[in-house]
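# Descriptive structure summary
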Amino acid sequence: MKSQRVAAGLLGVSIIVAASACRDSNAAPPDPARQAIVPAPQATRSGLADGGDSLRFVLHEENPPVGFPLAGKFLNLRNPYEGDKKAIATGSQLFIAYNCIDCHGADGSGAMGPSFQDGRWHFGGSSGTVFESIYEGRPDGMPSWGGRISNDQIWMLTAYVRSLASKDLSTENFTGATVERTGH
Amino acid sequence: MRTSSVTLALVMCVSAACTKGEKAGTSEAAGSQATLHTVSGTSIAVPHAGPAGEWQMPAGDYSSSRYSELSTITPANAANLHVSWAFSTGVLRGHEGQPLVVGNTMYVITPYPNVAYAIDLTQPGQPLKWKFRPDNAQQAAGRACCDVVNRGAAYADGKIFYNLLDGHTVALDAATGRQVWRTKMGDLTKGETITMAPIVVKGKVIVGSSGGEMGVRGWIAALDAATGKEIWRAYNIGPDKDVKVGPKFKTFYAHDRGKDLGATSWPGDTWKTGGGAVWGWLSYDPKLNLIYHGTSNPGPWNQDQRLGDNKWTASILARDADTGEMVWAVQTSPHDLWDYDAVNENILVDLPIKGKTRNVLVHFDRNGFEYTIDRATGEILLAEPFVPMNWASGIDLATGRPKALPPKMPSEGKNVTDICPSLEGGKNQQPAAFSPQTGLFYVPTNNLCMDFQSRRVTYIAGTPFIGANAPEKGGPGGYRGEFMAWDATTGKKVWGIKEPYPVWGGALVTSGGVVFYGTLDGWFKAADARTGKLLWQFKVGSGVVGNPVTYTGPDGKQYVAIYAGIGGDMGLLIAGDVAANLPYDVRERGTTLPDLSRWTSWGGELFVFSL
């Protein structure tokens, strides 16, 4: 498999990624469990969680599709960077450098791929399951990044995308004064 | 902002549209002034395929005219149109494209997973004759930039031919639905998908790739209709042998001639990931034996990473149908800075221009200009703006190149504001129609502008290769789309119907003198082809991004069919929140099309109307 050197210019670092979307079979995937040390933030009864340093998350019930075979091995991992503002800032730059932004939208607003702002998750929103989504990829086209970028970077991306869950979009009311319509 | 003569004609129709306080929930057309401007002495280059009462290829004919000889529905009786029957496709995504009608069977292709249905029109209740569910890799759904659309099938020799999102082309027995062959044409791991509708020319199925936002190297190819074996494949970028530039290439403008321009007009080997996909519509002139197609934007959008003309992206290309050899090229947006793909349809007609009948190709480009081009030579006879635009002061007819204006040119680190049209273009995939009765083109258009910020991007196979943010907003005039009648002999608008949203559905015009189109907010409309007067409208189950067709039923009546199913670029990316079946993906209301979600949600239905 052809490898290509990719400069993550924003970070001043270089990483190696495989030229295809498949995982580089020569790279032995490091054990993500070794980095699992910090407890995840606890949800409060209001549905809002404090991510530390005043980061607020909107949490909806995790709702993996019935019958979806979660691999499970990542489920209970804790993110060493949960709520770490510096790591989240780095994660936001990785989000651009690895082209996540053009699938998931600026600030995770949703585009080709799903939004991260709504606090809702197709394959589960815990740190472990988000890590798994990035590490393993998902069937609808999410590439697998495990072994292509470091686990540390995957954890920073995990912290970043989870930090975007800031908007409660459950109800959209069209009857107020804000309804805008142009033309006629 | 540049104003043109077109603007004057436009103002006349706007005044009614701008009145406040209309009935909520309608996008009722402005009562246009009856102009009765027509162009005589016009004709369609290639006649309708098959009997007048059938619809055998995507645009009805090789000319891409979307004109039908059926005449029962007229301006006098169109107000009596009503729903005859409807059919749910079972898929809730953007239903671009159109059904086919062959004999007494209708053929419907859905968005991903690209189910094909054959519907028996002879029986009450329209039962299925067959249903075909292809193998279609699930990851394709995440590799398609702008929703998982499919723009339809083509019929020939007893077979239905269409493309799968995951890069396959399939042929089905039209009678039984049995798969006759299946050929892998694209590589998903490189972001290659297929969304376009094929045409069949002399026993060859012509198909092209999507993926201009994924750093693909775009191509067009011919497959043997009997076996599915690939006969030729031409890339649109790269050295001459790959793009099939050889002895037959005699293009009109001198700067377009030269060795290996498809590679040397790029820095280094950036052409290898340079886009130039073929996801739009195809036309064919049997007399010249030429296939006409457009090519997509260059990749990435960040222009600083690909200095040069970037040939042959954002171009209209004429190729020999037997071999794929390029015969002429017009690059509508050299070194495209604004994602102005040139993939829109090329309508082949004969028009009187300066006292002579010219065999032309008429093309409404994303860049906002309408091009009237000699289809044998590639000479641009006329190029005029058809929407509000400000990135160029015109097209230099001596060179064929646009006169771009520096203030609207993006570069890294700069935020360029208020570029019109936006990257959605003055017109996008929504195909126009042409009537030889009026000599006019019926054109669904967008009126959007954008800001543009470029940033450095790295090619990572299978991920987007874009490198820019381009937030969009409504264009000048307080409307976001207009359905218009256009005279391509003069480059002037004849009448227009202002719409609150971009008109993302295509047009159909009939010899009865009626033109049909649908809107993003879910109105299917009939207007008088001569005057633009709205004759009838019906609110279908979801926004319309598909194209109407008309046919004669087994009972001898004229029917008009349209898909309802918002999606595509507008429904997935721009509207923001019109989905309802994704509990894990709830988005904010789109800022470009605020409030569209009040009027429509995702759907997937075929509606059929008659008198």
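Further up the page is the structure itself.
In this report, we go over the structure that sits alongside the text. (Residues numbered from 1 in each chain as written. Chains lettered and ligands numbered in written order. Predicted model: local features only at pLDDT ≥ 70, side-chain atom pairs only at ≥ 80, totals over all residues. Heavy atoms only, no water.)

### Some details on the overall build of chain B
Selection criterion: Under the scheme used here, helices are H or I runs from DSSP no shorter than 4 residues and strands are E runs no shorter than 2 residues, and both carry numbers assigned from the N terminus. For every residue, the accessible area (1.4 Å probe, protein chains only) is compared with the maximum for its type, and the residue is labelled buried under 20%, exposed over 50%, or partly exposed between those bounds. Should any heavy atoms of two residues lie within 4.5 Å, those residues are counted as being in contact.
The number of helices and strands found in chain B is 5 helices and 40 strands. Projecting the C-alpha coordinates of chain B onto the three principal axes gives extents of approximately 60 × 60 × 55 Å. The 611 residues of chain B split such that 70% are buried. Partitioning the contacts of chain B with sequence separation of at least 6, the portion at a separation of at least 24 is 62%.

### Here's the deal with empty space enclosed by the protein
All names here are of chain B. We apply this condition: Residues are said to line a cavity or pocket when one of their atoms sits within 4 Å of a point; the points come from a 1 Å grid over protein atoms alone, cavities being sets where a 1.4 Å probe fits but cannot get out and pockets being open sets with protein on both sides within 12 Å along at least five of seven lines. Grid points are joined across faces, edges and corners, and a volume is the space filled by probe spheres set on the points. Under the scheme applied, nonpolar residues are Ala, Val, Leu, Ile, Met, Phe, Trp, Tyr, Cys and Pro; charged residues are Asp, Glu, Lys and Arg; polar residues are all the others, including Gly.
Enumeration over the complete set of coordinates arrives at 3 cavities of 30 Å³ or more. Approximately 50 Å³ is the volume attributed to the largest cavity. Taken together, M57, P58, A59, D61, S64, R66, I199, W281 and L282 form the lining of the largest cavity. Split into classes, the residues belonging to the lining of the largest cavity amount to 6 nonpolar, 1 polar and 2 charged.

### So, the pairing of strand β28 (residues 440-446) of chain B
Residue and element names in this part refer to chain B. How we decide: Should DSSP find at least two bridges between two strands, the strands are regarded as paired.
Summarising burial for β28: 7 of the 7 residues are buried, a large majority. Sheet topology note: the β28/strand β32 (residues 481-487) ladder contains 6 bridges and is antiparallel. Following the sheet pairing, P444 is matched in β32 by F483.

### Considering the state of the cysteines
By definition, a disulfide is the covalent link that joins the sulfur atoms of two cysteine residues. Condition: By convention in this document, the label disulfide applies to cysteine sulfur atom pairs within 2.5 Å.
Per the counting criterion, the structure on display carries 2 disulfides over all chains. Linked covalently through their sulfurs, C145 of chain B and C146 of chain B form a disulfide whose S-S length is 2.1 Å. On the sign convention where negative is left-handed, the bridge of C145 of chain B and C146 of chain B, at about -100° about the S-S bond, is left-handed. Exposure remark for C146 of chain B: the relative accessible area of 19% places this residue in the buried category. Of the cysteine sulfurs around C100 of chain A, a residue in no disulfide, the closest is that of C103 of chain A, at 8.3 Å. Overall, C100 of chain A belongs to the buried group, its relative accessible area being 15%.

### Some points on the environment of K129 of chain B
Residues and elements named next belong to chain B. Which entries qualify depends on this criterion: Under this definition, polar contacts are N or O atom pairs within 3.5 Å; protein pairs additionally need one hydrogen-donor-capable and one acceptor-capable atom, and for neighbouring residues in sequence, both atoms have to be side-chain atoms.
Residue placement: K129 occurs in strand β7 (residues 128-132). The sequence separation of K129 and G177 amounts to 48 residues, and the corresponding C-alpha distance is 8.4 Å. Within the structure, the side chain of K129 is placed 2.8 Å from the side chain of T105, a separation counted as a polar contact.

### Some details on the sheet that holds strand β5 (residues 105-109) of chain B
Residue and element names in this part refer to chain B. The condition that has to hold: The axes used here are C-alpha line fits, helices contributing only the stretch in contact, and every angle between their N-to-C directions lies in the interval 0 to 180 degrees.
The antiparallel open sheet is built from 4 strands, whose spatial order is β4-β5-β6-β7. Since the sheet does not close on itself, it has two edges, and those belong to β4 (100-102) and β7, each with one partner. Within this sheet the neighbouring strands show an average axis-to-axis angle of 15°, counted without direction. As paired elements, strand β6 (residues 116-120) and β7 share 4 bridges and run antiparallel to each other. Along β7, the bridge assignment pairs Y117 with K131.

### Regarding the packing of helix α1 (residues 85-97) of chain A against helix α4 (residues 151-163) of chain A
Residues and elements named next belong to chain A. This is how the line gets drawn: Should an angle fall under 35 degrees it is taken as roughly parallel, and over 145 as roughly antiparallel, whereas 65 to 115 is taken as roughly perpendicular and any remaining angle as oblique.
In the contact formed by α1 and α4, the axes pass within 7 Å of each other and the chain directions differ by 95°. Taken together, the axes of α1 and α4 lie roughly perpendicular to each other. Of α4, the residues touching α1 (which contributes A87, I88, T90, G91, S92, L94 and F95) are Q153, M156, L157, A159, Y160, V161 and S163. Here the contact of α1 with α4 is composed, by residue class, of 9 nonpolar, 5 polar and no charged.

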